[in-house]
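# Architecture at a glance
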Amino acid sequence: VVESEKVPDTRLTFNKVDDGSGTLLEVICGANNVQVGAKYPFASTGTTLPNGLTIEKRKIRGYTSNGML
């Protein structure tokens, strides 16, 4: 996580994530303990989780999320 800020009036955080691709990805996260400089498991858009859910690009509270932390 390169940048992180609280989304006003929610417990969400808006994060910029470096996944090694050379482009920072914007990701909304429900965890309120995300810290800049820390490493977290990351699923990018298109990833299918073990339960069959496929991560999609979504707009959440006016922010676009390109994956899941």
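See the structure shown above.
Residues numbered from 1 in each chain as written. Predicted model: local features only at pLDDT ≥ 70, side-chain atom pairs only at ≥ 80, totals over all residues. Heavy atoms only, no water.

If you trace the three strands from one edge of the open sheet to the other, you get β1-β2-β3, paired in antiparallel fashion. The open sheet has two free edges, formed respectively by β1 (3-6) and β3 (24-29), since each of these has just one partner strand. Across the sheet, the mean angle from the axis of one strand to that of its neighbour is 20 degrees, orientation sign disregarded. Summarising the sheet, strand β2 (residues 13-18) and β3 pair through six bridges and their orientation is antiparallel. What sits directly across from Phe 14, in β3, is Ile 28. (Pairing = 2+ DSSP bridges. Helix = DSSP H or I, 4+ residues; strand = E, 2+ residues; numbered from the N terminus. Axes fitted to C-alpha atoms, helices over the stretch in contact; angles between N-to-C directions.)

Taken as a whole, the largest pocket spans an internal volume of roughly 230 Å³. In this structure, the largest pocket is lined by 13 residues; those nearest its centre are Glu 56, Ile 60, Ser 65, Gly 67 and Met 68. Put simply, the parts of the chain that give the lining of the largest pocket at least two residues each are β3, β5 (58-60) and β7 (67-68). Looking at the lining of the largest pocket, its residues break down into seven nonpolar, four polar and two charged. (1 Å grid on protein atoms, 1.4 Å probe; cavity = no way out; pocket = protein on both sides within 12 Å on 5 of 7 lines; lining within 4 Å. Points joined across faces, edges and corners; volume = space filled by probe spheres on them. Nonpolar A, V, L, I, M, F, W, Y, C, P; charged D, E, K, R; others polar.)

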